[in-house]
Amino acid sequence: MIAIEKVACYIPQQFESNFDKEDIFLLDRDFIVNKLGVERVSRKFSDEETSDLCLKALERLDQPNLLLKEVDCIVVCTQNPDGNGIPHTSAILHGKLDLPERCACFDISLGCSGYVYALSIVNAFMESNGLKSGLIFTADPYSKIIDPGDRNTVLLFGDAASVTLLREASEHAIAWKAKKFLFATKGKECEALNNRDGRLSMNGRIIFNMAIKDVPIQINELLEATGLRHRDIDLYLFHQGSKYMLDQLARNMNLPKEKVPINLANQGNTVSTSLPLLLEQHMHSPGLRNILLCGFGVGLSWASCLLIRHGE
Amino acid sequence: MTSLKEEVLKIVAREAENAVIKNDEDLDKPLKEIGIDSLDTMSILLKVEEKYRISIPEKEIGPKVTLRMIMAIAGNLIKS
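Residues numbered from 1 in each chain as written. Chains lettered and ligands numbered in written order. Predicted model: local features only at pLDDT ≥ 70, side-chain atom pairs only at ≥ 80, totals over all residues. Heavy atoms only, no water.

J.: How do you make sense of the overall build of chain B when you look at a structure like this?
T.: Counting secondary structure elements, chain B contains three helices and zero strands. Compactness check: chain B gives a C-alpha radius of gyration of 11 Å against a globular reference of 12 Å for 80 residues, within 12% of the reference. Referenced to the eigenvectors of the C-alpha coordinate spread, the extents of chain B come out at roughly 30 × 30 × 20 Å. When burial is assessed residue by residue, chain B has 42% of its 80 residues classed as buried. Considering only contacts in chain B between residues 6 or more positions apart, those separated by 24 or more positions represent 60%. Here chain B displays about 4,700 Å² of accessible surface, and carbon together with sulfur accounts for 52% of that area. Of the side-chain charges in chain B, 13 are positive and 15 negative, and the distance between the mean point of each set is 3 Å. (Helix = DSSP H or I, 4+ residues; strand = E, 2+ residues; numbered from the N terminus. Rg over C-alpha atoms; globule rule 2.2 N^0.38 Å. Buried < 20%, exposed > 50% of the residue type's maximum accessible area, 1.4 Å probe, protein only. Contact = heavy atoms within 4.5 Å. Areas by Shrake-Rupley, 256 points an atom, 1.4 Å probe, with all protein chains shown as cover. Lys, Arg positive; Asp, Glu negative; His and termini not counted. Charge placed at Lys NZ, Arg CZ, Asp CG, Glu CD.)

See the structure below:
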C-alpha cells in the first residue's frame, strides 16, 4: 500500500510586505489582515530556478532512511518550469540530484488543484508499476510572471516549494493513505486565471464563485462516496486562495473554523504548494484520522481527496 | 413579498459587515465609499445571483458600481 510518509516545504526567506503597499493600492490594514489574510508574500531569490526550489524542499525532508538512489520516480507539478519548459523540470532535478537512470520523471501542468491530481497520478503510477518510493514536488513561482502593478495578484501570490515522500507503508509507521479522488473542470471559464504574454492575470470573482458554489458540491459528493459525514472529518485542508474566500467557504458549509486552518499570512497563496504546506504543519498532530484535501483554481480546475491515517 | 431593493439590502447586511447605508442617497455611491470592499462585492453579487437564479455579467460591474446599479441590473435580468 502506497502512502504519504512525509512532507517538507521550502519558503524563500525574501519577502514583500503588503503593508508597504497600502498607499499604492489604497488599502487599509484591516483589509490586508482580515480579508486577504496575506501580510507578506515570499519571493524566490533571483538565482533560484524552479528546480532549485524543489531541491531546497528536499533538503528539508530530513528522512535519514531515504536513499536517493532508491527513488523510483520524481514528479514535478508546476506551470512555471525551469527555462521555457523544455526539458521538463523533473529531468533537470533528476540531473541535479544525480539519480539513477531507472528513475522515472515527468512534470504535471496544473495550478492550485495540482497537488491532489499529483497524489492520485503518482499513487496509481507507483502501484501499477510496482514502484516502492516516489517523490512529488510542487513549485510554481508566480513571481516569474507577476505584474507588480496588479493588485489582484501581487498582494496574494507567494513562492514556495514542497516535496512529498510516497512509499510502501510499513505496518507500524504513521502514514497517510489517499482514498477516493474527485476531479472537476470548467474549461469555458479557464481564462479567469491566465498567463498571457508572460503576465499573470486573474478574475477574482470567477475564482471566488467556483470556490463558494462548486467546491462544496464536490466535497459533499466525496463524503457520500466514502460513507463519511462532516463530523468524521478532522481537518479540511483547502487551497489557500485568500482568507476571505476560506472564511466564506467555511461559513457557507457550516464548518467549524478550527477545522479549516488558514496559513496565508507569512507567505501568501503558493498555488500547488498551499496544500502540502498545510499538510506538513498538521499531519503529525495527534488524534487526526481523516483529512480532506481540496485544491481549486487555474483551469478552472478543482479536485478533492480523503487522506486516512495508517499506523500508530 | 419582499422587494428586490429590500432583498439586496438584506444580502448587503449579511455579507458586508462594514457597510454603512444611512439613506437612499448612499445607494448611488460607489460601493467602497459605503464600506463595501471588492471581496464583499463578490459575495453580494453571488448571493443576488443565487437568490434570483441569474448571472450578472462581469462587464456590468465596473469600479464605480453602486447598489442601485446592482439592483437595476438584477431587475433587468429577472424580467428577461
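J.: Looking at this structure, how should I read the side chain of Ser242(A)?
T.: Residue and element names in this part refer to chain A. Residue placement: Ser242 occurs in the loop between β11 (235–238) and α7 (243–252). Taking relative accessible area as the criterion, Ser242 reaches 7% and is therefore assigned buried. The contact partners of Ser242, leaving out residues within four places of it in the chain, are Lys35, Leu36, Leu156 and Leu264.

J.: Would you mind showing me how to read the layout of surface pockets here?
T.: Approximately 1,200 Å³ is the volume attributed to the largest pocket. If you trace the largest pocket, you find 45 residues lining it, with Arg151(A), Asn152(A), Ser38(B), Leu39(B) and Met42(B) closest to the centre. A total of six residues in the lining of the largest pocket trace back to one element, the largest contributor, which is helix α2 (residues 38–52) of chain B. Its residues assigned to classes, the lining of the largest pocket shows 23 nonpolar, 13 polar and nine charged. In this structure, the second largest pocket spans a volume of roughly 330 Å³. Lining the second largest pocket are 18 residues, with Lys35(A), Tyr244(A), Asp247(A), Gln248(A) and Glu17(B) sitting closest to its centre. Where the lining of the second largest pocket is concerned, the elements lending two or more residues are α1 (29–36) and α7 of chain A together with α1 (4–15) of chain B. (1 Å grid on protein atoms, 1.4 Å probe; cavity = no way out; pocket = protein on both sides within 12 Å on 5 of 7 lines; lining within 4 Å. Points joined across faces, edges and corners; volume = space filled by probe spheres on them. Nonpolar A, V, L, I, M, F, W, Y, C, P; charged D, E, K, R; others polar.)

J.: Whenever I open this one, the pairing of strand β6 (residues 133–139) of chain A confuses me. Can you help?
T.: Consecutive side chains along a regular strand alternate between the two faces of the sheet. Residues and elements named next belong to chain A. Counting buried residues along β6, seven of its seven residues qualify, which places the element largely inside the surrounding structure. Residues Ser133, Leu135, Phe137 and Ala139 line one face of β6 and the alternating positions Gly134, Ile136 and Thr138 line the opposite face, and both faces are buried. Where β6 meets strand β7 (residues 161–168), seven bridges bridge the pair, whose relative direction is antiparallel. Pairing of Gly134 across the sheet is with Leu166, part of β7. (Pairing = 2+ DSSP bridges.)

J.: Whenever I open this one, the packing of α1(B) against α2(B) confuses me. Can you help?
T.: In a packed pair of helices, the relevant descriptors are the angle between the two axes and the axis-to-axis distance. All names here are of chain B. Contact geometry for α1 and α2: axes closest at 9 Å, N-to-C directions at 135 degrees. Considering their axes alone, α1 and α2 lie oblique with respect to each other. When you trace α1 past α2, the crossing you get is right-handed. Contacts from Leu4, Glu7, Val8, Ile11, Val12 and Glu15 of α1 reach α2 at Asp40, Ser43, Ile44, Lys47, Val48, Lys51 and Tyr52. Along the lines of polarity and charge, the residues of the contact of α1 with α2 split into seven nonpolar, one polar and five charged. (Axes fitted to C-alpha atoms, helices over the stretch in contact; angles between N-to-C directions. Parallel < 35°, antiparallel > 145°, perpendicular 65-115°, else oblique. Left-handed = near helix turned anticlockwise from the far one by under 90°.)

J.: Is there a simple way to think about α1(B) in this case?
T.: For an α-helix, 3.6 residues make a turn, and residues three or four places apart therefore share a direction. For α1(B), with 12 residues, the first-to-last C-alpha span of 16 Å sits near the 16 Å given by 1.5 Å per residue. Within α1(B) the residues assigned to the buried category are Glu7(B), Val8(B), Ile11(B), Val12(B) and Glu15(B). Viewed end-on, α1(B) has its buried residues packed into an arc of 140 degrees, placing them on one side of the element. Contacts from the buried residues of α1(B) go to α7 of chain A together with α2 and α3 (67–79) of chain B. (Expected span 1.5 Å × (residues − 1). Arc of directions from axis to C-beta.)

J.: Is there a simple way to think about the environment of Ala161(A) in this case?
T.: All names here are of chain A. On the secondary structure map, Ala161 appears in strand β7. For Ala161, a relative accessible area of 0% puts it in the buried group. Counting along the chain gives 115 residues from Ala161 to Ser46, while the straight-line C-alpha distance between them is 15 Å. When sequence neighbours within four positions are dropped, the list of residues in contact with Ala161 reads Ala8, Cys9, Tyr10, Leu53, Cys54, Ala57, Thr138, Ala139 and Thr273.

J.: How should I be thinking about the packing of aromatic side chains in this particular structure?
T.: All names here are of chain A. The tally for this structure, following the rule as stated, stands at six aromatic pairs over all chains. Arranged with centres 4.5 Å apart and planes meeting at 45 degrees, the rings of Tyr117 and Phe183 form a pair that is tilted. Residue Tyr117 is located in helix α4 (residues 114–129), and its partner Phe183 is located in strand β8 (residues 175–185); the two are separated by 66 residues in the primary sequence. Through a chain of ring-to-ring contacts, three or more aromatic side chains come together here, namely Tyr117, Phe181 and Phe183. Over the face of the ring belonging to Phe19 we find Arg29, whose NZ or CZ atom lies 4.0 Å from the ring centre. Directly above the aromatic system of Phe15 lies the positively charged group of Arg40, at a separation of 3.6 Å from the ring centroid. (Phe/Tyr/Trp six-rings, centres within 6.5 Å; stacked < 30°, edge-to-face > 60°. Lys NZ or Arg CZ within 6 Å of the ring centre and 35° of its normal.)

J.: What am I meant to see in the environment of Val215(A) here?
T.: Residue and element names in this part refer to chain A. Take Val215: it is sitting in helix α6 (residues 204–226). Distance from Val215 to Ala184, taken between C-alpha atoms, is 9.4 Å for residues 31 residues apart in sequence. Look past the residues within four positions of Val215 in its chain and what remains in contact with it is Met210, Phe238, Leu249, Cys294, Phe296 and Trp302.

J.: Would you mind going over the nonpolar core with me for this structure?
T.: The nonpolar side chains of soluble globular proteins are, as a tendency, buried together. Residue and element names in this part refer to chain A. One finds Phe238 and Phe296 to be the most contacted residues of the largest nonpolar core, which totals 54 residues. Not counting the four nearest positions on each side in its chain, Phe296 is found in contact with Cys112, Ser113, Met210, Ala211, Val215, Phe238, His239, Met245, Leu249, Ser301 and Trp302. Leu131, Leu288, Ala303 and Leu307 belong to the second largest nonpolar core, which has 35 residues in total. (Core = buried A, V, L, I, M, F, W, Y, C linked by side-chain atoms within 4.5 Å.)

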